[in-house]
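Letter by letter, the chains look like this.
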2 protein chains.
Amino acid sequence: MSLTTHQVDHTILETYPPDSLPPDQIHSLLTQIKDYQSTHGSLLKVIDSEIPHSVHLQPVSVSVFPTVFPRRVFHEAIDELQLAYNELYGKIAEDKEWLYAVTGPLRKTEPLVDALWCVYEEVQRQRRKVQYIEQNVHAGLFRSDYMLHVLSDSDNDDDEDWIQSLCLKQVEFNSYSCAGGCHADKVADMHRFLALRGVYNCPSIDEKQDMRILPSSLPLNNTIHGIASLLVLAHKRYGSTPYNSAASHTAVLMVVQPNNFNIADERPIEYALWNWADDNPIPTYRIEWQDVLHRTQLTETGELLFFPPESGGRTPVEISVIYHRAGYEPQEYSDEIKGKDIRIRLELSRAIKCPSILGHITTIKKVQQALTVPGTLGRWLTSDKADRIRGTFVEIYSLNEFDFSEKIHDEKLTENYILKPASLEGGGHNIYGSDIPSILQTLLENEKSRAYILMQKIRSPQNIYGMLMSSSRGVVVDEVVSELGVFGGCIWEKNESSSGLDMIENRVVGWSFKSKERSLDEMSVVKGFGCFDTPLLVD
Amino acid sequence: MSLTTHQVDHTILETYPPDSLPPDQIHSLLTQIKDYQSTHGSLLKVIDSEIPHSVHLQPVSVSVFPTVFPRRVFHEAIDELQLAYNELYGKIAEDKEWLYAVTGPLRKTEPLVDALWCVYEEVQRQRRKVQYIEQNVHAGLFRSDYMLHVLSDSDNDDDEDWIQSLCLKQVEFNSYSCAGGCHADKVADMHRFLALRGVYNCPSIDEKQDMRILPSSLPLNNTIHGIASLLVLAHKRYGSTPYNSAASHTAVLMVVQPNNFNIADERPIEYALWNWADDNPIPTYRIEWQDVLHRTQLTETGELLFFPPESGGRTPVEISVIYHRAGYEPQEYSDEIKGKDIRIRLELSRAIKCPSILGHITTIKKVQQALTVPGTLGRWLTSDKADRIRGTFVEIYSLNEFDFSEKIHDEKLTENYILKPASLEGGGHNIYGSDIPSILQTLLENEKSRAYILMQKIRSPQNIYGMLMSSSRGVVVDEVVSELGVFGGCIWEKNESSSGLDMIENRVVGWSFKSKERSLDEMSVVKGFGCFDTPLLVD
């Protein structure tokens, strides 16, 4: 069996990755991974280690071997689905009525949802008073996350066509502050380098079973460039000449959380913009969320001026694009730090927002659930696109719209569903397995019930093994489950047509791939469960 | 005053770097430096932090601001001196008689010198028995270190022509396992990026004294590529087709010390070679010194075969070039690890050595001293080259060839000289200041005296200030002293002519620049004294 030909029979599931490598080969492999990560910034800051003149870092969790993934499915996500998803979410972001009907009811119980709608309403109120025209161009950097799903219940051990039995199901769609792109880019480079370097060659198991992974089996990942390219297009759309005569130039503003130990997922985008072209750097500044009010100024004509620390408070730059990498946690909108005022100022400005406040609201999980209601997608998409997207949906129920007692028994709930907060992204707050029935009962008995959705569990294929390495869990060889995230980027102009917008740019800007042990519920990289990975594409 | 024009009057000494930056600008600057280093591998492993699945890292010591350095002198070192130095040390490496006359007497007291000559002699003995021809092509990667020296004693505070009064004096010449090139490359990139980014703009001091540093004032540093390019040339000279039919391909072998916390100064060279060209990677492997005997094999026809861990002991590669980054400490030649056998095997092979054992011996400080003896340079160089090189010498005395009692009084010894071990490189074993007279007395009274040289202290210019940051010393603004290292690379073929060699390649491959507080004796980066820096070139 060889992986070099892209022709892989299903026996790969039994022999990959090799679990009996000689100790010196394992040692060499782990050392090469740590050293590659150390020299390429594939690192996290060690929490609480930063002092003014130093900081400690450690490698981010990664897979040791790339993990098997069907080529057909990988390309389907990238080539067929993402542009339709970009279009869908762009249009939802301009469909305020629908968005409010779906998410407005969450305001009573969900502080973040309420804060975002408060910001929206206050911005609308203030706009009526100002002299300048609203910025109608909006940008989006999205990430659609999928897992493999087994269509039938048959045991794929005996099924030679197991790859054919797999399809993509969406875990979640993120439209705000999507992370992981920079790490994914560097880890894919690493696996490709290690493959080029030959460290995955495993001749020791059995001469007839020589294994080689060629770099060509590992897809290229240029997500850092891709994300930057979308911001460059938005910046150019705004223009390089400031409207405000006090400003020296226009610039992208990346709004970030303070004390982030994960700067490795932010800084490379900033560097890519400054180094965009030798004679054409795209000036990019970072600002921490809590500094927005005293480091920026909104002019009467709507320009957002930013005063970089090195300007000595004298010469501002005018912000062309606001790239949000903060403002997704309820406490960021607290009165203490005037969080709503921060977001209102940013939103009111004529800078192009990536994304707008409505674009942000589309990321709420309740939206994902509402889209599964039959007939809904047709509101924005042609039927072919709607069909394609619908194919990635699992069943998702809203607690207050569904009679569980009749349809789902406790055992099925435990085995086949996940309970997720309707207002949050990410897996950190989900409820799994045997915790579900009792919590569900409590939820159904009080008003908070609408704050959760019940999502059908994706049926991941068995017998895909991986070798993972994380600073918290060590090196583990076990059955794994992978998640493919596809990064989409788009720029549109709002209009009064029935579609609500003119799409100016619509592109796939990259992908991420993470794997975790099958026995774990969460994919969290920060907790050391999820590991950045590269798909080893097989046919 | 502006640094943008390359016209800098001497008042820069009083105002650079600014010592009264606002706290938020300092905070932003330090954060940007730490983040840049963290994401570009400008790091050291924290000692004893490495475990199989993780490691901690911290930023290497760097200057916060680039440090002022005369442009004329910088170019003199690179454009005028290095090629002559390369030629000189190549020729010395083929002048065994002279080299033995100078360094042979150290064998009695200096274990490292003795070990190297033992290896040489044993290799000569064994070569007489073997069937194959000696490899006559040798490579060198050198680093010549200089400091600025004030020609006159006048106080440069009042001297507008202070730059004219400065010249280069050589601190030491290294011909073996020269370090610092990768760090220097990345730190120069960082300072150039920060300058592009505008963080050195200092408008706050005084509007008339706006300071800007343009990237064009900071020289480009491509040392990683430069070092790799020399190894590529040597590799091509050897050939990409193995002589040995069992070998799959030819490859560069980088011999390294185990558990090196400074892999950031080694790995980038390996990556540059593998990524040399898309369709033409130069295979490069690392081997730890103590693994050489069991991971390599010397064939009867002289090929050095290396068995990479991932080959499962089956398929060797044939080594084209041995790049030495280990084997410079006496204990590496101990009987316990069969250190001499390690070096003998490497030296006996037909691989091109970078450098050969004689090339290694030229790095001994006693050689540097012997070259200062009038008339010596003429043995290898034309008079114009000899004059140029001699201009970089300070007085250096060998203890057993000089009558100190007459010529140098204790006070002068303390103030104007440094006592250095004749057999070692680097500053870690030097004796400074008031320690000199008593130790010198002891040395003169016993046989060990020949193991030291007495070197005139370089008279560094005063009033050059810097801002340095290291994890051990924090952020310091103080008078600084800088050291410029110029990396040279050459390949030559030994012949029987009077010059001893045909020079095949002779080039400058890069530079490093380090600064330390003036009050410190040592430039050690590892101890947090020396900080990687970039010269801010001024006219």
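Please read all numbers here as calculations on a predicted model, not as lab measurements. Residue positions are counted from 1 within each chain, in the order its sequence is given. As they are written, the chains are lettered A onward and the ligands numbered 1 onward, keeping that order. Given that the model is predicted, a residue must reach a pLDDT of at least 70 before its local features are reported, and side-chain atom pairs must reach 80 or more before they are shown or counted; all residues, however, enter totals for whole chains, interfaces and linings. Just so you know, side-chain values use all the structure's heavy atoms and leave hydrogens and water out.

**Focus: the sheet that holds strand β15 (residues 431-432) of chain A**
Residues and elements named next belong to chain A.
Part 1: Two strands are counted as paired when DSSP detects at least two bridges linking them. Only DSSP runs of H or I reaching four residues or more are called helices, and only runs of E reaching two or more are called strands; each is numbered from the N terminus. An order of β13-β16-β14-β15 is seen for the 4 strands of this open sheet, with the pairing classed as antiparallel. Every interior strand has two partners, whereas the edge strands, β13 (396-398) and β15, have only one.
Part 2: Contacts were defined at the residue level, with two residues in contact if any of their heavy atoms lie within 4.5 Å. Helix axes are fitted to C-alpha atoms over the stretch in contact, other axes to C-alpha atoms as well, and angles between N-to-C directions run from 0 to 180 degrees. Lying on the sheet, helix α16 (residues 436-445) is in contact with β14 (417-421), β15 and β16 (452-456); it crosses β14 at an angle near 45°.

**Considerations on helix α8 (residues 267-274) of chain A**
Part 1: Residue exposure (1.4 Å probe, protein chains only): buried if accessible area is under 20% of the type maximum, exposed if over 50%, otherwise partly exposed. Counting buried positions along α8 of chain A gives 8 out of 8 residues, so the element sits mostly inside the fold.
Part 2: Every buried residue of α8 of chain A is listed here: R267, P268, I269, E270, Y271, A272, L273 and W274 of chain A.

**A word on the interface of chain B and chain A**
Part 1: Counting residues at the interface gives 58 residues for chain B, matched by 58 residues for chain A.
Part 2: Computed with a 1.4 Å rolling probe, the buried area is the accessible surface lost when two parts are put together, summed over both parts. Each partner contributes to the roughly 4900 Å² buried at the junction of chain B and chain A, and carbon and sulfur atoms together form 55% of this total.
Part 3: By salt bridge we mean one thing: a side-chain nitrogen of Lys or Arg within 4 Å of a carboxyl oxygen of Asp or Glu. Counting the contacts that link chain B with chain A gives 12 salt bridges.
Part 4: For K34 of chain A, the salt bridge identified is with E50 of chain B, shortest N-O distance 2.9 Å.
Part 5: Identification of polar contacts relies on pairs of N or O atoms within 3.5 Å, with a donor-acceptor requirement for protein atoms, meaning one able to donate a hydrogen and the other able to accept it, and with residues adjacent in sequence counted only if both atoms are side-chain atoms. Run the count over chain B and chain A and you get 21 residue pairs in polar contact (both at pLDDT 80 or more).
Part 6: If you tally residues by element for the side of chain B that touches chain A, the top one is helix α2 (residues 23-40) of chain B, at 12 residues.

**Some thoughts on the nonpolar core**
Part 1: As used here, the term nonpolar core means buried Ala, Val, Leu, Ile, Met, Phe, Trp, Tyr and Cys residues forming a set that is joined through side-chain atoms within 4.5 Å. Core analysis: the biggest nonpolar cluster contains 242 residues, and F65, L88 and L371 of chain A together with F65, L88 and L371 of chain B have the highest contact counts within it.
Part 2: Beyond its immediate stretch of four places on either side in the chain, F65 of chain B contacts Y16, P17, P18, L21, L29, H191, Y200, C202, M211, M467 and D533 of chain B.

**Focus on the UniProt feature "domain: Glutathione synthase substrate-binding" (unreviewed entry) in chain A**
Part 1: UniProt positions are given in the numbering used here, feature names are shortened, and annotations may be inferred rather than shown by experiment. The sites that carry the UniProt feature "domain: Glutathione synthase substrate-binding" (unreviewed entry) are, in the present numbering, residues 251-361 of chain A.
Part 2: Secondary structure within residues 251-361 of chain A divides into 24% helix and 26% strand; the distance between the first and last C-alpha atoms comes to 25 Å.

**With respect to the relation of the copies chain B and chain A**
Taken together, a rotation about one axis and a shift along it account for how the two chain copies relate.
Part 1: In superposing the copies, a least-squares fit is computed on C-alpha atoms, taking residues whose pLDDT is at least 70 in both. With an RMSD of 0.0 Å, the operation that places chain B on chain A is a rotation of 180° combined with a shift of 0.0 Å along the axis. Such a combination of turn and shift is consistent with a two-fold rotation axis.
Part 2: Interface overlap between copies: 100% of the residues of chain B at the interface are likewise at the interface in chain A, consistent with a symmetric, same-surface contact.

**What to know about the packing of helix α3 (residues 71-93) of chain B against helix α13 (residues 383-390) of chain B**
Residues and elements named next belong to chain B.
Part 1: For the pair α3 and α13, the least separation of the axes is 10 Å and the interaxial angle reads 110°. Of the possible angle classes, the one that applies to α3 and α13 is roughly perpendicular. In contact with E80, L81, A84, Y85, E87 and L88 of α3, α13 contributes K385, R388 and I389.
Part 2: Note on residue classes: Ala, Val, Leu, Ile, Met, Phe, Trp, Tyr, Cys and Pro are nonpolar, Asp, Glu, Lys and Arg are charged, and everything else, Gly too, is polar. When its residues are assigned to classes, the contact of α3 with α13 shows 5 nonpolar, no polar and 4 charged. Note on terminology: angles under 35 degrees are roughly parallel, angles over 145 are roughly antiparallel, angles of 65 to 115 are roughly perpendicular, and the others are oblique.

**Considerations on the domain arrangement of chain A**
Residues and elements named next belong to chain A.
Part 1: Domain start and stop points were drawn from an automatic or database domain assignment. By domain assignment, chain A separates into domain 1 (12-391 + 458-538) and domain 2 (397-456).
Part 2: With centres defined by C-alpha atoms, the gap from domain 1 to domain 2 works out at 27 Å.
Part 3: Across the domain 1/domain 2 interface, buried area totals approximately 1800 Å², and carbon plus sulfur atoms make up 53% of it.
Part 4: If you sort the residues of domain 1 by the area they bury against domain 2, T109, K365 and Q369 come out on top, with a joint share of 30%.
Part 5: Our enumeration of links across domain 1 and domain 2 arrives at 0 salt bridges.
Part 6: The interface formed by domain 1 and domain 2 includes 3 residue pairs in polar contact (both at pLDDT 80 or more).
Part 7: Mapped onto the side of domain 1 that touches domain 2, the elements with two or more residues apiece are α5 (111-127), β6 (166-174) and α12 (365-371).
Part 8: Considering only residue class, the side of domain 1 that touches domain 2 consists of 8 nonpolar, 6 polar and 7 charged.

**Some words on the pairing of strand β8 (residues 284-288) of chain B**
All names here are of chain B.
Part 1: The buried fraction of β8 amounts to 4 of the 5 residues, a majority that puts the element mostly inside the structure.
Part 2: In the sheet, strand β7 (residues 250-256) pairs with β8 via 5 bridges, with the strands oriented parallel. Looking at β8, one finds that V255 is bridged to I287.
Part 3: Each parallel crossover has a hand, and for β7 linked through helix α8 (residues 267-274) to β8 it is right-handed. Call a crossover right-handed when, viewed with both strands pointing away from you, the route from the first strand across the helix to the second goes clockwise.

**So, α5 of chain A**
All names here are of chain A.
Part 1: A helix is expected to span 1.5 Å for every residue after the first. End to end, α5 covers 24 Å across 17 residues, agreeing with the expected 24 Å (1.5 Å per residue, within 8%).
Part 2: Taken as a whole, α5 has its buried residues at L112, V113, A115, L116, W117, V119, Y120, V123 and R127.
Part 3: Lining the buried residues of α5 we find α4 (96-103), α10 (339-348), β12 (352-354) and α11 (357-361).

**A word on the packing of aromatic side chains**
Part 1: For Phe, Tyr and Trp, where Trp contributes only its six-membered ring, two rings pair if their centres lie within 6.5 Å, and the inter-plane angle classes them as stacked under 30 degrees, edge-to-face over 60, or tilted in between. Tallied over the full model, the rule gives 42 aromatic pairs over all chains.
Part 2: Three or more aromatic residues joined by ring pairs make a cluster, and in this case those are Y85, Y89, F142, Y146 and F173 of chain A.
Part 3: Here, over-ring charges are defined by two tests on the NZ atom of lysine or the CZ atom of arginine: distance to the ring centre within 6 Å, and angle to the ring normal within 35 degrees. Taking the ring centre of Y100 of chain A as reference, the NZ or CZ of K96 of chain A above it sits at 5.6 Å.
Part 4: Sitting over the ring of Y243 of chain B, R350 of chain B keeps its end group 3.8 Å from the ring centre.

**Re the pattern of salt bridges**
Part 1: With the rule as written, the count across this model stands at 58 salt bridges over all chains.
Part 2: Of the charged contacts in the structure, one is a salt bridge between K385 of chain A and E87 of chain A, with a shortest N-O distance of 2.6 Å. With K385 of chain A in helix α13 (residues 383-390) and E87 of chain A in helix α3 (residues 71-93), the pair connects residues that are 298 residues apart, well separated along the chain.
Part 3: Residue E87 of chain A is classed as buried on the basis of its relative accessible area of 14%.
Part 4: Among the salt bridges present, the one from K494 of chain B reaches E134 of chain B, with a minimum N-O distance of 3.6 Å. Note that K494 of chain B is positioned in strand β18 (residues 474-494) and E134 of chain B in the loop between α5 (111-127) and β5 (137-150), a separation of 360 residues in sequence.
Part 5: Classification of K494 of chain B by relative accessible area gives partly exposed; the value is 28%.
Part 6: What makes E134 of chain B partly exposed here is its relative accessible area of 26%.
Part 7: In this structure, a network of salt bridges that share partners links the residues K34, D35 and R197 of chain A together with K45, E50, R267, E270 and E310 of chain B.

**Observations concerning the environment of G180 of chain A**
Residues and elements named next belong to chain A.
Part 1: Considering the arrangement of structural elements, one finds G180 in the loop between β6 and α6 (181-197).
Part 2: The spatial distance from the C-alpha of G180 to the C-alpha of P308 is 27 Å, given a sequence separation of 128 residues.
Part 3: Setting aside residues no more than four positions away along its own chain, G180 makes contact with D265, F487, S512 and F532.

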